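These are the residues of each chain, in order.
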Amino acid sequence: MADPGTFAEPPLSGYRQHMEIRALLRDEQSLYQHVQVLDTAPFGRMLVLDDAVQTTIADEAAYHEMLVHVPMLAHPAPRQVLIVGGGDGGTLRRVLQHPIQRVVQVEIDEAVIRLSREFLPEISAGAYDDPRADVIVGDGVAYLETQSAAFDVVLIDSTDPVGPAEGLFTTDFYQTVRRALRPGGLMASHCGSPVLMADGWLRTVSTLEGVFGIVQPYLAYVPAYPGGLWGMVAASESCSAHRPDPYRLSQLAGDLDELSYYTPDVHMASFALPATLGRRQPLFPIVAAEPSGVA
Ligand code: SAM
């Protein structure tokens with residue numbers, strides 16, 4: 001943390017986003033990463049891993065609804081789903097709003113699941129107790145290497161591509177995801193800020209373009225993340241994620257009006273890219289810099 005009372009991610013491109021902290025609720029070094037739960041003034045409780053914001057109570061719905069409902073509603077009949085990462089449980093909860101048979105979640109760090117359930121229970125909202133959920137504590141890379149034509153939808157809800165998540169953004173990994181998909185299946189992943197992490201956004205999209213026939217980047221607004229505008233990407237051999245299937249919309253558990261961010265219009269609009277991103281160039285000419293690690 002920058003100093004008591006404020007939180008700031010390590011600087012990206014000389015840019016810092018500070019927020020006021022009301023309390024540090026938990027500070028733990030797990031086997032894989034530094035896990036913190038903070039109570040923030042603007043966004044309520046917030047999960048931080050290795051100084052990077054993962055999710056907050058206030059804006060988690062924007063990230064999770066867009067990562068999940070866009071690919072899940074584009075697929076005509078998703079039954080078997082895999083989540084890699086996602087220890088806060090927000091992705092699992094949204095997947096379970098669909099009439100699926102089984103969802104496997106492979107999260108490397110039990111501490112993230114445990115602390116999220118204890119301090120951020122609103123995010124998973126009971127999802128970990130659903131009998132359709134099979135939660136495995138392990139490495140998503142190793143798990144996917146054992147899978148073939150097993151899943152309709154694969155969701156990569158990981159940390160940024162450093163530390164344990166490094167292997168989740170490579171050509172080899174995306175080839176294992178492609179093998180793990182059933183015919184007609186699709187995957188979605190977040191791919192960082194197209195503003196402040198433009199190199200990472202471009203690298204993820206172009207790596208996927210080397211593996212899948214259809215690669216469709218899309219955008220969501222998640223204000224607690226640096227820069228606010230966040231990149232996600234869907235990829236498949238045959239299934240376009242551009243629009244929701246009207247029949248599938250009617251199958252979503254609960255009322256569409258109860259969603260916070262996702263609507264069918266937002267779904268379609270999220271694929272409209274600014275000109276530079278459409279040309280696979282950085283959104284703005286901001287000098288890219290890796291996080292310095294200085295908090
Ligand atoms: N919404 C977040 C974001 O945009 O950064 C992601 C949140 S979720 C908490 C990220 C999870 O990915 C972490 O709990 C981390 O432990 C997990 N993770 C990282 N590398 C992994 C791997 N190789 N296999 C499985 N889970 C992994």
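Here the structure is shown first, and the text comes after it.
Numbers given to residues run from 1 along each chain, matching the order in which its sequence is written. Thresholds applied to this predicted model are a pLDDT of at least 70 for local features of residues and 80 or more for the giving and counting of side-chain atom pairs; totals over whole chains, interfaces and linings are not thresholded and use all residues. Remark: hydrogens and water are excluded; side-chain values derive from all non-hydrogen atoms of the structure.

Visitor: Can you walk me through the overall build of the protein in this structure?
Guide: Every helix listed is a DSSP run of H or I at least four residues long, and every strand listed is a run of E at least two residues long, numbered separately from the N terminus. What the protein contains, in helices and strands, is 10 helices and 12 strands. Radius of gyration means the value over C-alpha atoms here, while the globule rule gives 2.2 Å times the residue count to the 0.38 power. Computed over the C-alpha atoms, the radius of gyration of the protein is 18 Å, within 12% of the 19 Å expected from 2.2 N^0.38 for a compact globule of 295 residues. Overall, the C-alpha framework of the protein stretches about 50 × 45 × 40 Å when taken along its three principal axes. Burial statistics for the protein: of 295 residues in total, 56% are counted as buried. The contact rule is simple, with two residues in contact once any of their heavy atoms fall within 4.5 Å. Sequence separation of 24 or more characterises 67% of the internal contacts of the protein that already satisfy a separation of 6 or more. Categorising residues by exposure relies on relative accessible area from a 1.4 Å probe, with only protein chains included: less than 20% of the type maximum marks a residue as buried, more than 50% marks it as exposed, and the intermediate range marks it as partly exposed.

Visitor: When you look at the state of the cysteines in this model, what are you seeing that I'm missing?
Guide: As used here, a disulfide is simply a covalent bond connecting the sulfur atoms of two cysteines. The disulfide definition used here is simple: a pair of cysteine sulfur atoms within 2.5 Å. Scanning all chains against the criterion turns up 0 disulfides. No disulfide involves Cys191; its sulfur sits 18 Å from the nearest other cysteine sulfur, which is in Cys239.

Visitor: Before we go on, may I ask you to explain the nonpolar core in this structure?
Guide: Inside soluble globular proteins, nonpolar side chains tend to come together where they are buried. The set of buried Ala, Val, Leu, Ile, Met, Phe, Trp, Tyr and Cys residues whose side-chain atoms join them within 4.5 Å is what this entry labels a nonpolar core. Ranked by size, the top nonpolar core spans 84 residues in total, and within it Leu82, Val95, Val103, Val177, Met187 and Phe212 carry the most contacts. Those residues in contact with Met187, other than ones at most four positions away along the chain, are Val154, Ile156, Tyr174, Val177, Leu181, Leu208, Phe212, Val233, Ala234 and Ala235.

Visitor: Can you help me understand the pattern of salt bridges in this one?
Guide: Pairing is possible between side chains of opposite charge, provided their charged atoms come close. Each salt bridge in this description consists of a side-chain nitrogen of Lys or Arg and a carboxyl oxygen of Asp or Glu lying within 4 Å of one another. Applying the stated rule across the entire model yields 12 salt bridges. The closest approach of N and O atoms between Asp39 and Arg22, which form a salt bridge, is 3.4 Å. Taken together, the residues span a long stretch of sequence, with Asp39 in strand E3 (residues 34-40) and Arg22 in strand E2 (residues 18-29) at a distance of 17 residues. Note that Asp129 is salt-bridged to Arg117, the shortest N-O span being 3.1 Å. Placement of the pair is Asp129 in the loop between helix H4 (121-124) and strand E8 (133-137) and Arg117 in helix H3 (residues 110-119), with a sequence separation of 12 residues.

Visitor: Honestly, the sheet that holds strand E1 (residues 6-8) in this entry has me stumped. Any pointers?
Guide: Strands belonging to one sheet form pairs held by backbone hydrogen bonds; the direction of such a pair is parallel or antiparallel. With antiparallel pairing, 5 strands are arranged side by side in an open sheet as E1-E2-E3-E4-E5. What marks the edges here is a single partner per strand, and that holds for E1 and strand E5 (52-56). Taking each pair of neighbouring strands and ignoring which way they run, the sheet shows an average axis angle of 45°. Pairing between two strands is assigned when DSSP locates at least 2 bridges connecting them. The sheet contact formed by strand E4 (residues 44-49) and E5 spans 4 bridges and is antiparallel. Residue pairing for E5: Leu49 is matched across the bridge by Ala52. Lines fitted to C-alpha atoms define the axes here, with helix axes fitted over just the stretch in contact, and angles between the N-to-C directions of these axes take values from 0 to 180 degrees. Of the strands in this sheet, E2, E3 and E4 are in contact with H3, which crosses E2 at around 125°.

Visitor: Before we go on, may I ask you to explain helix H1 (residues 60-74) in this structure?
Guide: Note that an α-helix has 3.6 residues per turn; residues three or four places apart therefore point the same way. In this model, H1 (15 residues) spans 21 Å end to end at C-alpha, consistent with the 21 Å of a helix rising 1.5 Å per residue. Of all bends in H1, the biggest is about 25°, found at Met66. One less than the residue count of a helix, multiplied by 1.5 Å, gives the span that helix is expected to have. The reported bend at a residue is simply the angle between two axes, fitted to the 7 residues ending at it and to the 7 residues beginning with it.

Visitor: Mind showing me how you'd approach helix H6 (residues 171-180) here?
Guide: Of the positions making up H6, those classed as buried are Phe173, Tyr174, Thr176, Val177 and Ala180. In an axial view of H6, the angular spread of the buried residues amounts to 155°, which keeps them on one side of the axis. Every exposed residue of H6 that faces more than 90 degrees away from the buried side is listed here: Asp172 and Arg179. Starting at the helix axis, one direction is taken to each C-beta atom, and the arc is that of these directions.

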